[in-house]
Every structure is written in structure tokens, then in C-alpha cells.
Amino acid sequence: MQEEMNERKVAVTADDKISGINITLLTTFFIAITAIVFLFILFISNSVLRRFDAVEDAISKFIICEQSSKAIKDSANFMTERARLFVVNGDPAYAAAYLEEKNVTRRRMRAFDDLRTVCSVNDLAYQRLQIAIEQSESLINIEMYAIRLGYEAMKSRITDMPEEIRQMEIRSADQKLTPEEMEDAAINMLFGEGYLIYKTRVNENCNLTVTSIEDEIQRDLRINSANLGSYLQRLRFLFFVLLIITALIFFAIAYFVLHPLKNFLNSIKKDEKLNVIGSTEFKYLAKTYNQIYEVKAKNEKKLIIKAEYDALTGILNRRAFDDICRNSAEEKQPIVLLLIDMDNFKYINDTYGHAGGDTALKELARILKSTFRKSDYVARIGGDEFAAVLPDYKALTGDIVVQKIASVNEQLANMKDGIKPVSVSVGAAFSPTGYSEELYKKADKALYKTKEQGKRGCHFYEEGVD
């Protein structure tokens, strides 16, 4: 209750006579200015994006139109080549390839479908390609009829005629021709001047499609480039303003926040009071912390001693020992665990009274603490029961531990106040992976063995030896 009253008193007095820059108000000001600049940037950026989107749409349209026109030309050329090869060589495979392109692959119609996704019926590019498609249909009619005449001329050699070809009727004038004349007529159809004129017109319309799209893109670029230049100049100015604001924000944060925080952290690490610097919030924090620090420092030593140290012997208590074991298990470091039991403690209590027993316990704690390393942990875990955790020990160093216990017993034999006999029995066990309940059981078995063999000594647990 008294500590709570002290904290309330600290919170009130720390608010007195605090002056300086309020980082909350300063941050609000910077946020408002930055938000306004960002709104302008957002507005201009949207305008720039709209211009770029228009250009991007035009470029995409150009790419699709170019690919569509190329697909139409490639398909027309492929079909022409297969039709010509059939009427010249008479190989049905060429006719089959022609029909597959016409009915299955259908590159011409697929290209036209792609064009519909980016062009309207009023676009010049769309109209040009539509004309090219119509002209290519005329070419197909000529090519199909030539293939029909080829099959008819070669029916003595080719009996398997595709159904689509078979259904085409032969003109009455051509029915009177001999097979040789039909073959010549088919060849003349595909290599004659009229056919070549159709082919040229298809290619010209495909080329005109690409040219019209190029003209459209150039027109869009001229329209948008002037606006983009103006927008980019405004964006450059706003970014410069934003850069200045950002620099001011960083300066304010560094001076009023980061510098005090770094100073506070260093002071906290050194367990010192805080310097009253920075914004008004940090000054308030520093003053409050310093007054709490003064209250805390007075009680800290008492709390630590009560929480972790044995009141009689001054060494670690059972609670601290359990924490050390738990940390060892988590870190999985190699350790040696010693269970230390004072021999004949009941006899000492009965002979010299509780005061004598307390003296023996305190003397044992002092000797253990002075015998082992500073990095070792010595604790009283029960009435006359002690333990030690020796980090970074290996099983091969067991002789050193035995020698230390022998030294402890020698010192206990010469204990002051004439309290005799005083000695310890120790059980030890090694673990390469930290503390565990199994390790405790092993050390306890080793202690039992020491007791069986006359006490006053130390034994290490040996695997397989009960």
C-alpha cells in the first residue's frame, strides 16, 4: 500500500515544471502537411496513370493487331503452299494438312476473334482485317476447287477422297476435261495471275492494318506527351517538398525521440537514472522513472535476497536452484550435477544444539562457495542437503570434482568451534544435454553408493552399475 502511494506521488510531482517541444503536436502537424502533399501527388499520379493507360492500351491493341494480321498471312500462305503441293505432287497428306488448318487449327478466325477484343467495328484496323478475311475466303474457295480437280484428275491413283472435297461439285465445263487437263487446270488456278492478285490484296490489307495502328499510337503519344510533361514537373516539385518534410520528420524523431531513447537504454543497462532530455513526453517519462528508480533501489536488494538466497547460509536457495536447472535444460549445455549431503547432521544437532547445527551448515556453505568456480552454482535445497550445478564440465573431468570434494572434507575436519565430526557425502552425474529428472536420479543413486561405502566422499554415477 505504501509503495502504491509513493508511485502515485511520483506520477504527480513528475508533471511539474516540464517544458519543451511536444512531440505529439509536432507529429500531428507533420502528418497533416504530409497528407495534403500526398493528396496532390495522388491526384496528379492518377492523371499520369490515365495517360499511360491510354498509351498502354494503344500499344496492346497494336500488338494484337500485328499478331492477328501475321496469323492471317501465315495461315493463308500455309494453306496456299499445301494446296499447291497437292496439285503438283498428288500427295493426299498435303490436302489433309490443308483441311486441318481450315477446319481445326483455324488461325485466321482465331486471329479475327482476338482482334474483336481490342477493336470496335468502326476501327480502321478492324475493317482492314475483315476485308483480308473475306479475301482469304475467296482464296480458300479457289484452293478447295483446285484440290477437288486434283482429286478428280488423280482418282485412278487416289481412291480415298475427304468427304468435304467430295461434296464440291465440278463445273460442267470442267467435267469434259481429261484427267491431264484437269490437273493442268488445277495448277493454273493456284499459280495464275488472278490468284496472285487475291494473295497480294490479302497481304496488303494486313500490312495496312499494322500501319493504321502505328498512326493511331503516334497520334495518342503526341496528345499525351504534352500533358505528361506538365504533370511530371508538378510531381517533381511535390516530391521535393515531401523530401524536405521527410528530412524534418527524421530530424525531429532523431533529436526528440531516438536520441533520448538511446540515452535512456544506455542508462537502463547501466542501472542509472535517466537524463531529462527530449520532448516533453520523454522528459516526463525520465522524471517519473528517476523517482520510481529511487524507490525501487531501496527495496531491490531485500527482494533479491529473499527470493533467491537462503536466509541462513547466504547461498542460493531451492527456488534459485530449480530456475538454474530449468535454464540448463532449455540451453542443453553439458553440466555436472552434485547432490551434497552433510553426514551425521542429526548427531551434530543433538550434540551441539541447533546453534551448532546452523554453524556447521553456514561453514559448509562458505567452504563450498570458495571451493568451486565463480561460474558454478552452489545451493541449499533442504535442511542439510546441498547441490551444485557445474556448467561446461565433461565426464572426463570427474577426477577434478572428486578432488574438490576431498578438499571440502579436509576443511570441514578442521572447522572452528570444535564441532566434529563434520563431513559430506556427494553423488555426481554428468549430462551432455543439460539438466533432467533422469540426471537427478543418477546423482541420487551415486550419493546412495557413497553412503553405502562409508560416507565422506564422492562417487560419479556409472551407467549399468546399480
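Residues numbered from 1 in each chain as written. Predicted model: local features only at pLDDT ≥ 70, side-chain atom pairs only at ≥ 80, totals over all residues. Heavy atoms only, no water.

It is worth spelling out the packing of aromatic side chains at this point. For the structure on display, the rule yields three aromatic pairs. With a centroid separation of 6.1 Å and 10 degrees between ring planes, the pair formed by Phe251 and Tyr255 is classed as stacked. Here Tyr255 and Phe251 lie together in helix α9 (residues 193–269), a separation of four residues that amounts to about one turn. Above the ring of Phe191, the side-chain terminus of Arg84 is found at 4.5 Å from the ring centroid. Above the plane of the ring of Phe78 lies Arg107, whose end atom (NZ or CZ) is 5.6 Å from the centre. (Phe/Tyr/Trp six-rings, centres within 6.5 Å; stacked < 30°, edge-to-face > 60°. Helix = DSSP H or I, 4+ residues; strand = E, 2+ residues; numbered from the N terminus. Lys NZ or Arg CZ within 6 Å of the ring centre and 35° of its normal.)

Let us now look at the confidence of the model for the chain. Averaged over the chain, the pLDDT score is 82; the fraction of residues at 70 or greater is 92%. By mean pLDDT, the top-scoring element of the chain is strand β2 (residues 377–380) (94), and the lowest-scoring one is helix α1 (residues 2–13) (46). Here residues 1–12 is a poorly scored stretch, pLDDT under 50, and it has six contacts once near neighbours within four places are set aside; other chains count. (pLDDT = per-residue confidence, 0-100. Contact = heavy atoms within 4.5 Å.)

Quick look at the pattern of salt bridges now. Two side chains with opposite charge may pair up if their charged atoms get near one another. Applying the stated criterion across every chain yields a total of 16 salt bridges. Of the charged contacts, one joins Glu152 and Arg148 as a salt bridge, the two residues approaching to 2.9 Å between their closest N and O atoms. Remark: Arg148 and Glu152 occur in helix α5 (residues 124–153); sequence separation between them is four residues, near one turn of the helix. Residues Glu152 and Arg148 agree in their burial class; the two are buried. One salt bridge in this structure joins Asp322 and Arg318, with 3.2 Å as the shortest N-O distance. (Salt bridge = Lys/Arg side-chain N within 4 Å of Asp/Glu carboxyl O. Buried < 20%, exposed > 50% of the residue type's maximum accessible area, 1.4 Å probe, protein only.)

Direction vectors running N to C along helix α2 (residues 23–89) and helix α3 (residues 92–105) enclose 155 degrees, while the axes themselves pass 8 Å from each other. In terms of orientation, α2 and α3 fall into the roughly antiparallel class. Note on packing geometry: the crossing formed by α2 with α3 is left-handed. In contact with Ser75, Phe78, Met79, Arg82, Ala83, Leu85, Phe86 and Asn89 of α2, α3 contributes Pro92, Tyr94, Ala95, Ala97, Tyr98, Glu101 and Lys102. Counted by class, the contact of α2 with α3 contains ten nonpolar, two polar and three charged residues. (Axes fitted to C-alpha atoms, helices over the stretch in contact; angles between N-to-C directions. Parallel < 35°, antiparallel > 145°, perpendicular 65-115°, else oblique. Left-handed = near helix turned anticlockwise from the far one by under 90°. Nonpolar A, V, L, I, M, F, W, Y, C, P; charged D, E, K, R; others polar.)

With six of seven residues buried, strand β3 (residues 385–391) is to be regarded as a mostly interior element. One ladder, built from seven bridges, connects strand β1 (residues 335–342) with β3; its direction is antiparallel. Bridge pairing links Val336 to Leu390 in β3. Counted along the chain from β2 to the antiparallel partner β3, the turn is four residues long. (Pairing = 2+ DSSP bridges.)

So, about the environment of Ala186. Tracing the chain through its elements places Ala186 in helix α8 (residues 179–191). Assessed through its relative accessible area of 0%, Ala186 is described here as buried. In this structure the C-alpha to C-alpha distance between Ala186 and Arg84, which are 102 residues apart in sequence, comes to 8.8 Å. Aside from chain neighbours lying at most four places away, what touches Ala186 is Val87, Ala146, Leu149 and Gly150.

Where α2 meets α5, the axes come as close as 10 Å, and the angle between the chain directions of the two elements is 10 degrees. Put simply, α2 runs roughly parallel to α5. In contact with Cys65, Ser68, Ser69, Ile72, Ala76, Met79, Thr80, Ala83, Phe86 and Val87 of α2, α5 contributes Ala125, Leu129, Ile133, Ile140, Glu143, Ala146, Ile147, Gly150 and Tyr151. Among the residues forming the contact of α2 with α5, the class breakdown is 14 nonpolar, four polar and one charged.

Here α8 contains 13 residues, and its C-alpha end-to-end distance of 18 Å stays within 8% of the 18 Å for a straight helix at 1.5 Å per residue. Met182, Ala185, Ala186 and Leu190 are the residues of α8 that are buried. Along the long axis of α8, the arc covered by the buried residues comes to 125 degrees, so they all point the same way. Counted as exposed and oriented over 90 degrees from the buried face of α8: Glu180 and Asn188. (Expected span 1.5 Å × (residues − 1). Arc of directions from axis to C-beta.)

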